Each structure stands twice: as structure tokens, then as C-alpha cells.
2 protein chains.
Amino acid sequence: MAQEHFDRLTALDASFLEQEGPTSHMHVGAVAMFENPVPDFDQFLDTIRGRLHLVPRYRQKLALPPMRTGRPVWVDDPSFNIEYHVRRTALPPPGSEEQLLLLTSRLFSQQLDRSKPLWEMWIIEGLEDDRWALINKTHHAMIDGVSGVDLATVIFDLSPEGTVVEHPAEPWTPAPEPGDTDLLASGALGIARAAIDSVKTVTKMVSSPAAVFDGLRDGIEGVGEVAWAGINAAPATPLNVEIGPHRRFRVVQAELADFKQIKNALGGTVNDAVLTVVSGALRTWLQSRGVRTEGLELRALVPVSIRPKEAHHEFGNQIAAMRGPLPVYIDDPITRLGMVRKSMDGLKESKQALGAEVISGAQNFAPPTLLAQASRLNFSTRLFNLIVTNVPGPQFPLYVGGSRLLAIAPVAFLPRNHALAIAIMSYDGGLSFGLLGDYDQMADLDVLADALQDSIDELLALSAEAAATA
Amino acid sequence: MAQEHFDRLTALDASFLEQEGPTSHMHVGAVAMFENPVPDFDQFLDTIRGRLHLVPRYRQKLALPPMRTGRPVWVDDPSFNIEYHVRRTALPPPGSEEQLLLLTSRLFSQQLDRSKPLWEMWIIEGLEDDRWALINKTHHAMIDGVSGVDLATVIFDLSPEGTVVEHPAEPWTPAPEPGDTDLLASGALGIARAAIDSVKTVTKMVSSPAAVFDGLRDGIEGVGEVAWAGINAAPATPLNVEIGPHRRFRVVQAELADFKQIKNALGGTVNDAVLTVVSGALRTWLQSRGVRTEGLELRALVPVSIRPKEAHHEFGNQIAAMRGPLPVYIDDPITRLGMVRKSMDGLKESKQALGAEVISGAQNFAPPTLLAQASRLNFSTRLFNLIVTNVPGPQFPLYVGGSRLLAIAPVAFLPRNHALAIAIMSYDGGLSFGLLGDYDQMADLDVLADALQDSIDELLALSAEAAATA
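Residues numbered from 1 in each chain as written. Chains lettered and ligands numbered in written order. Predicted model: local features only at pLDDT ≥ 70, side-chain atom pairs only at ≥ 80, totals over all residues. Heavy atoms only, no water.

Taking an unreviewed UniProt entry as the reference, chain A is identified by name as diacylglycerol O-acyltransferase belonging to freshwater metagenome. If you open the UniProt record of chain A and go to Catalytic activity (unreviewed entry), you find "an acyl-CoA + a 1,2-diacyl-sn-glycerol = a triacyl-sn-glycerol + CoA". (UniProt positions renumbered as here; feature names shortened; annotations may be inferred.)

Asker: How would you sum up the pairing of strand β13 (residues 403-411) of chain B? Please name residues and give values.
Answerer: Residue and element names in this part refer to chain B. In terms of burial, β13 is largely enclosed, as seven of its nine residues are buried. Where strand β2 (residues 27-35) meets β13, six bridges bridge the pair, whose relative direction is antiparallel. Bridge assignment links Val31 to a residue of β13, and that residue is Ala409. Bridging between strand β12 (residues 399-400) and β13 involves two bridges; their strand directions are antiparallel. Residue pairing for β13: Val400 is matched across the bridge by Ser403. Following β12, the chain reverses through two residues before pairing antiparallel with β13; Gly401 in that reversal takes a positive phi of roughly 55 degrees. (Buried < 20%, exposed > 50% of the residue type's maximum accessible area, 1.4 Å probe, protein only. Helix = DSSP H or I, 4+ residues; strand = E, 2+ residues; numbered from the N terminus. Pairing = 2+ DSSP bridges.)

Asker: Could you give an account of the packing of aromatic side chains, naming the residues involved and the relevant values?
Answerer: Using the criterion set out here, one finds 14 aromatic pairs over all chains in the structure. Arranged with centres 4.4 Å apart and planes meeting at 10 degrees, the rings of Phe34(A) and Trp132(A) form a pair that is stacked. Taken together, the positions of Phe34(A) in strand β2 (residues 27-35) and Trp132(A) in strand β7 (residues 131-139) put the pair 98 residues apart, joining distant regions of the chain. For the pair Phe34(A) and Trp132(A), one class covers both residues: buried. When the ring of Tyr84(A) is compared with that of Tyr439(B), the centres are 5.3 Å apart and the planes differ by 65 degrees; the resulting orientation is edge-to-face. (Phe/Tyr/Trp six-rings, centres within 6.5 Å; stacked < 30°, edge-to-face > 60°.)

Asker: Lay out unusual backbone geometry in plain terms, naming residues and giving numbers.
Answerer: Between Pro93(A) and the following residue, Pro94(A), the backbone shows a cis peptide bond with an omega angle of 5 degrees. Of note, the phi angle at Asp129(A) is positive, near 60 degrees, even though the residue is not glycine. Summarising the element assignment, Asp129(A) is placed in the loop between β6 (119-127) and β7. Its identity is not glycine, yet Asp130(B) carries a phi of approximately 60 degrees, on the positive side. With respect to the secondary-structure elements, Asp130(B) resides in the loop between β6 (119-127) and β7 (131-139).

Asker: Quick one: what's the story with a negative patch on the surface, residue by residue and with numbers?
Answerer: Taken together, the side chains of Asp332(A), Asp450(A), Asp454(A), Asp457(A) and Glu458(A) define an acidic patch exposed on the protein surface. What makes Asp457(A) partly exposed here is its relative accessible area of 41%. (Patch = residues over 30% accessible without salt bridge, like charges linked within 9 Å, V, L, I, M, F, W, Y side chains within 5 Å. Areas by Shrake-Rupley, 256 points an atom, 1.4 Å probe, with all protein chains shown as cover. Salt bridge = Lys/Arg side-chain N within 4 Å of Asp/Glu carboxyl O. Lys, Arg positive; Asp, Glu negative; His and termini not counted. Charge placed at Lys NZ, Arg CZ, Asp CG, Glu CD.)

Asker: Which residues make up the pattern of salt bridges, and what values go with them?
Answerer: Per the counting criterion, the structure on display carries 30 salt bridges over all chains. A salt bridge links Asp46(A) to Arg49(A), with the nearest nitrogen and oxygen atoms 2.7 Å apart. Of the two residues, Asp46(A) and Arg49(A) both sit in helix α2 (residues 41-49), three residues apart, roughly one turn of that helix. Among the residues examined, Asp46(A) registers a relative accessible area of 47% and is labelled partly exposed. Two residues, Arg114(B) and Glu20(B), come together in a salt bridge whose shortest N-O distance is 2.8 Å.

Asker: So what's going on with the sheet that holds strand β1 (residues 7-8) of chain A? Residues and values would help.
Answerer: Each strand in a sheet pairs with its neighbour through backbone hydrogen bonds, running either in the same direction (parallel) or in the opposite one (antiparallel). Judged by pairing direction, the sheet is antiparallel, and its three strands sit side by side in the order β1-β4-β3 (chain A) without closing on themselves. Since the sheet does not close on itself, it has two edges, and those belong to β1 and β3 (60-63) of chain A, each with one partner.

Okay, here's the thing in C-alpha cells:
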């Protein structure tokens with residue numbers, strides 16, 4: 001089985017724990033809206049109980065080796081109680097989407113308890129227009145955007161009739177909790193393994209020197225790019241200020257077909273169009289704050305999955321960070337799209353993504369005490385202004401307990417000194433922008449959401465014109 | 001005005017901050033049930049807005065002097081936003097009291113944000129039988145059980161028609177936030193003031209030596225009693241184990257008249273009867289866990305207000321801790337009541353309460369770094385097994401927004417290594433027992449709640465017999 005008792009966290013997974021502070025929560029998730037009827041809660045619990053063996057990590061908690069001798073390991077939680085993790089609540093009348101987003105922001109303002117498996121799932125009743133909602137919240141150490149799609153298989157069905165899940169004959173029994181001696185030994189083992197990996201690289205270099213040298217050189221060049229980005233700091237903006245623990249959340253709902261029309265009529269990729277409208281929205285919002293946008297280009301951190309496709313059912317993060325350009329200085333949407341497109345093409349040819357991977361790989365040898373400092377490099381304010389992450393979702397309807405999923409919006413996270421993050425997800429023809437802001441620093445998140453809607457409408461209208469005259 | 005910008009926390013108030021850890025939350029509050037209709041939320045916000053000037057602390061946050069040179073001070077919060085503090089939610093159907101208590105326990109599992117005024121108030125809709133609920137949550141540093149009644153005047157009315165509150169002509173404007181220099185100066189000032197107080201005592205001793213000597217001698221004797229209690233540790237029980245951040249909450253609703261009948265028929269005070277039924281409940285619960293109760297007497301920490309009655313409108317804690325006997329070894333309820341009564345009479349004559357006050361007074365001179373250690377004495381596991389606090393409430397109906405308050409149950413707090421706390425409050429003829437337990441360590445809190453109900457019924461039946469044969 002891919003996830004086992006006593007698995008050690010990868011360096012990147014552990015870095016999400018190290019980066020978490022009192023105000024920088026490292027959980028992520030989504031808010032999903034379904035058509036009624038809402039599933040019976042006890043039946044819903046039974047459904048999850050019947051599928052948890054497919055994702056053993058959901059019944060595991062962190063165990064920390066004493067004296068920080070190694071990264072944490074996942075161990076079975078002997079006091080696992082599904083009713084702690086799966087919760088039920090309701091919206092007061094009228095049950096508007098605005099009220100649902102307020103609830104979402106409150107739930108994401110509270111950190112997960114590290115002494116328990118790192119997830120929560122909430123069923124929300126009373127959503128207007130005959131709907132209900134599901135909010136899930138999972139620690140980033142356990143999940144990334146791509147494996148998130150895999151985790152959803154635990155509860156999402158491909159048809160209203162549901163899926164029969166084969167279940168092991170034996171009921172789940174937690175492995176005994178490790179003592180300090182076990183954990184200390186496992187810490188030493190972690191260090192030993194990293195040493196063995198280094199030996200393996202040397203061995204490989206001897207037997208196939210050219211291949212190893214190429215890999216090494218690419219890695220070094222990549223590190224160079226990231227280091228350069230670090231020196232060449234991102235511009236100071238109202239986005240990069242001290243934040244509190246509380247959040248605001250807004251959703252802008254768009255159509256994937258509209259973004260495909262933009263791409264077809266004006267060139268570039270869907271992702272280029274996404275960065276273009278985000279740039280336009282940030283431009284309007286900054287100007288509403290009285291910030292001058294002349295010559296200002298913001299930098300987005302765009303997480304990129306570098307995991308091989310076959311590994312979808314194995315957990316853990318294999319993501320790299322790319323720097324996405326946000327040319328807020330350009331008023332004209334088509335010129336702005338052209339600039340984004342040109343920059344992104346250039347970046348793909350550079351070694352940025354590989355560099356981030358190499359940094360992550362190097363952490364495999366660093367004890368957690370060093371890691372706590374080193375891993376911060378990835379999320380340093382100096383490197384980027386905000387996270388913009390675009391997660392592809394399924395383009396066919398999904399169901400939970402027979403109810404059809406109508407729309408789903410992803411919720412990202414705010415690293416220290418980052419007041420805004422934007423996560424985008426496509427599902428069944430829709431494209432949802434989830435805007436997560438600090439409660440006090442982004443009190444005007446509505447202004448940004450409205451500006452994003454305007455920016456999408458504007459680019460779409462121009463693409464329709466271009467298509468008509470083509 | 002009693003509460004001002006830049007007020008320094010008292011030593012005891014600051015100790016509640018120092019004692020708070022990731023799993024030992026120091027907020028307290030209540031859950032109150034009202035008859036419908038639920039107030040319009042915007043009108044409710046307006047009502048609170050119109051009365052906040054009566055309790056300025058509600059718009060103030062903590063400011064910490066740099067380098068811990070003094071205790072924190074209260075300062076106006078320039079980003080005060082009432083919609084952050086006052087929140088609205090609903091119960092899913094059927095809206096049972098059990099669901100309300102589950103929501104209460106979840107809200108009390110989350111700490112207040114120290115960068116904001118230390119309170120939350122939740123309006124809960126959808127409670128069955130045509131009712132709604134109000135949950136309030138306030139940091140103990142800002143409030144004690146007795147001043148809690150005063151704070152409620154902000155929203156509670158004496159009649160359904162409500163109360164006209166006189167309002168200052170000028171709207172509230174926060175005082176500017178202090179810089180580090182101001183706070184450093186204020187820290188030094190705090191130390192200087194304590195020195196001046198010592199000088200004053202000396203001066204007073206010279207002019208009236210006998211009176212000062214009496215006060216001093218009583219104080220010293222009191223310290224002796226508490227120190228003795230510290231050496232003579234409370235017994236080890238399943239109540240005093242490591243706890244997590246999560247809570248369970250149960251309410252047992254009784255009638256004040258029943259406890260008066262017990263008192264009249266069997267002797268003692270209402271408080272003696274309360275400790276007797278709590279002892280009986282703990283006895284049954286311990287036995288259900290397989291713990292032997294022979295010869296076992298648990299110790300309750302019973303907070304006692306030592307504030308003069310005239311000071312009700314000035315904030316801050318002036319409470320002392322008394323040790324309440326819980327003779328769980330006695331099966332017979334009348335014998336158990338007799339033993340509680342005898343012990344309580346003896347304790348009142350001893351200097352325990354005064355001793356705690358003297359300890360608190362001595363802290364006025366200790367810098368916070370020392371205080372953090374010293375204040376823990378009061379809540380040391382070795383001194384007591386659980387908090388049992390009995391707060392007298394008004395014996396006439398109260399209203400909020402025209403809706404009558406039907407019942408109110410207080411929520412206490414769990415210090416480190418204390419898995420259970422019981423808060424009792426009387427209101428309009430009712431007597432509510434609020435049982436707060438750690439989520440994992442008190443997974444069987446229902447057993448204790450049932451045992452408490454049985455223990456009350458048993459003692460009441462015996463008092464009826466005694467009254468009939470008298």
C-alpha cells in the first residue's frame with residue numbers, strides 16, 4: 001500500500017509544517033455546492049467509513065521524533081473518531097452564497113489540530129435555491145493540488161448511483177503508537193537513508209558519468225535562476241504586509257469555454273488568459289487604493305506539479321514553484337495578454353521549475369531544524385507577491401451521495417507577509433476563482449472580486465470582437 | 001470612566017494570559033436560549049453598537065510592552081469591526097439542544113485572537129421548539145464570573161420593551177496606538193507604581209501600626225494555608241491528565257427551588273448541596289471507569305469573588321481560590337452533604353481565600369516573566385482536581401431584543417492537566433450545571449451528566465422524605 005504507518009514526510013511536506021505560524025495557516029481545501037437532497041448525515045459518515053481504507057493517511061497523525069533528529073512520520077491515530085473530522089452545520093436564512101463564503105472564511109481562519117489526522121469536512125445545510133454545500137480543509141503537508149483530485153475519489157462518485165467500493169474483510173485496527181525510542185531510531189534512519197542516496201548518486205556517476213553530469217548541470221542552472229529571483233526582489237505592494245490569523249473569501253465564477261474562446265481568438269494558453277485577467281483585476285484594485293501602477297509588474301508564485309502521472313495514487317508533494325509575471329502596468333488587455341504569453345514562454349525554457357525541485361531534493365538531507373529556515377526560501381516575500389494556482393479539475397459531472405456537484409471553488413493558503421492568494425479550478429465546464437485574503441489587510445476583497453469579473457468580461461468582449469473580424 | 005485606554009492589566013488578569021497554552025484556553029462564557037422571534041441581525045448589531053461605550057474594554061485590545069518590562073495594557077483597537085466579533089449561524093435540522101451544545105463545544109475549542117478585543121458573540125438560529133440561542137465567549141483576562149453579570153447589561157434588558165441607553169454625542173474614535181517607546185515607558189511606570197504602593201504601606205504602618213499589622217498577619221497565615229495545600233497534593237485521578245485543545249460540553253438543568261428544599265430540609269447552603277451532588281456524580285463516573293473510590297476525596301477549586309460590591313462597574317478580576325471538598329468516598333447522600341458542610345464551615349474560618357488574595361497582590365510587583373511561573377501556583381494540578389464555580393444570576397426574567405431569556409448555562413475553562421470543569425449558574429428560578437470536558441479524555445462526559453442528574457434526583461427525594469417526616 002502506498003501510505004503506510006510510520007511513513008516519513010517528504011522534505012517538502014515537512015516544509016509546510018515548518019512554515020506554518022500563528023497567522024500563516026498551511027491548510028487548503030475547497031467549498032463545493034450540490035443540488036438537494038442533502039445526504040443523511042449518518043449515511044454520509046458510513047460512506048466515508050467505507051472508503052477510508054483507500055486513503056490511510058486520513059486516519060494517521062504526525063509523530064515527531066524527539067530532539068528533532070529527523071522529519072516527522074505518519075502514524076495511525078489510536079483515538080481516531082470520524083465524528084470529530086466530519087461535521088454538520090447550517091446557514092441561517094436566507095442561506096445565501098455570501099453567507100456560505102463567510103462560513104468558509106471562518107473555518108479556514110482556524111488551524112487544524114496537529115495531534116489528530118490533519119483534515120476536516122463540513123456538510124452545510126440551508127443553502128438557498130435548494131442546494132447544500134461541502135467544505136473540506138486539509139493540511140498542505142498531506143496533499144497538493146494534483147493529489148487533491150485523487151483524494152476526492154474517497155467521496156465523489158461518477159454517477160448518481162454511486163460506486164461500490166471493495167472493502168477489506170478485517171475492520172481497521174490502528175498500529176500501536178511508537179515510543180520515543182522508535183522515533184529516535186527512525187530519525188537516525190532518515191539521516192542514514194539520505195547518506196545512502198548520496199552514495200547511490202556517486203555510484204551512478206561512475207557507471208554513467210554523462211547522464212549524471214547533465215542532470216547536475218541542469219540542477220545547478222536552475223538553482224541559479226531561483227537565487228537570481230531572490231536577489232531581484234518582488235516589488236513592495238499592499239499585498240506584502242504582516243497578516244493576522246483571520247481570512248476573507250470570495251469566489252468569481254467563470255466559464256472554461258470563455259477562456260478557451262479567449263485563447264483561440266487572441267492566442268496563448270488558458271493559463272496565460274488567467275494570469276492576464278488576474279493582472280487586470282490587481283491593477284484596478286491597486287489604483288482603488290491609490291497605488292501607482294506605472295511600470296509595476298507583480299510576481300505570482302505558480303505551483304507546478306512535477307510528479308510523474310503514474311504516481312497519482314501515491315501521496316506527498318512533488319511540486320515546483322514557477323514565477324508568473326503579472327504586468328499590472330499594462331492597461332490594454334490584449335497587450336497585457338501578449339506580455340504574459342511572452343514571459344511565460346521564456347520561463348518555461350528557463351530552469352526555474354527544476355531549480356525548485358533541486359532545492360527540495362537538497363532538503364532531504366537537511367535535519368528539520370535547518371529545514372525550518374531553508375524551506376522559507378520558497379515562500380519568501382522577496383521572491384513573489386502572491387500565490388496564483390490553477391488546478392485542472394474533471395470536465396464531467398461528479399456526485400456525492402447521489403447529489404450532483406454544481407460548482408467547486410478552491411481555497412489556497414497565505415504564507416507569512418502575503419495578504420492575498422488566488423486559486424483557480426475548472427470543473428464540468430466551469431472555472432472558479434477562489435480569492436483568499438487576510439481579514440484586516442484585504443477588507444476590500446470585494447473590490448478585487450468585482451474588478452476580476454470586469455477584467456474577465458473585458459477580455460472576453462475583445463476576444464469576441466477579434467473572432468468576429470477574423 | 002472606569003475602563004480607559006492604556007489601563008494596565010491587574011496581576012491576576014495578566015496571569016490568565018500567562019496560563020493560556022495551546023491546549024489550555026482561558027476564555028469563558030455562556031450559552032443562552034431565548035424564545036423566538038430571533039432579533040434582526042442588523043438591528044442586533046445596532047443595539048450593541050449603541051451600548052459599547054458603556055463597556056469600553058470591548059473595543060480594546062492588548063498591547064505588550066517590549067522585552068516584557070511590564071504587564072500588558074489595554075489600548076483602543078483602531079481596526080475594531082463589530083461584525084468580526086458578533087456572528088450569526090444556524091443549527092441544521094432538527095436544531096436540538098444536543099446540536100447546540102456540540103456547536104458550543106466547537107466554538108470553545110478555538111482560542112480568541114490576541115491581536116483583537118478578546119470576545120465573540122454568536123447568534124444561533126434554528127433551535128427547535130421555536131427558540132434561538134446566543135453564545136458568548138470572552139477571555140478570562142477581561143472578566144470574572146461576577147463582573148460577567150455586569151457585562152450582560154450591555155445587551156440584556158429588564159423588559160421586552162428594552163432600555164433606552166444614553167449615548168455620547170460624539171462617535172467613538174480610537175486613541176492612537178502606542179509605539180514601543182510608550183509601552184516601554186509604561187512598563188517602567190508599572191514597576192515604579194508598585195514601589196510607590198510599598199512606600200504607602202510603610203507610611204500607613206507608621207500612622208496606624210496596629211491595623212496594618214493585623215492585615216499583614218492575616219495575609220501571612222493565608223499564604224501558609226495555600227502553601228500547605230500545595231504540599232499536600234490532590235489525589236491522582238483520570239481528571240488530571242494531559243488534555244488537547246478540543247472540548248465537549250453538556251448541560252444539566254435543575255431548579256433553584258429544589259436546591260433550596262434540600263438546604264431547608266437537610267441543612268447547609270445551596271453551595272453545599274451543589275458540591276454534594278457533584279461529588280455523587282463524580283463517584284458514579286469514576287466507578288464506571290473502574291476507579292476505586294474508597295477513601296477518595298477530590299478537591300474542587302472554588303473561585304470566590306473578593307471584590308467589594310460597590311466596584312461592580314469597574315472591571316478586572318478580584319477573585320480568590322478556595323479549596324472545596326468533594327468526598328466521593330461517601331455513598332450515602334445525606335452523610336456526604338454533612339461532610340461537605342462541615343468541611344466548608346471549617347474552610348471559611350481558615351485564611352485560604354485571603355491567602356490567594358495576598359499571592360495575587362504580591363504579583364503586582366513581579367515582572368511578567370516571573371509572573372508566568374508564579375501565577376501557575378493557583379492552577380497547579382497538585383492543589384485541586386477540578387474547577388467548580390457557582391455564579392449567582394438574576395432571579396427575574398431578562399430580555400434581548402424583546403425576546404425572553406429562557407435558560408442560560410455557563411462555560412468554564414480547563415487549565416493544563418485538568419480534563420473537567422463544572423460551572424453552575426442560577427437564573428429566574430433555574431440552576432444550570434455546565435460540564436466542560438476535554439474531547440478525548442472525557443469522551444464519556446454523557447455518563448457524568450447522567451450521573452449528575454441521578455445524584456440531584458436522589459438528594460431531592462431524600463430531602464422530600466425528610467421534609468415529610470419533619
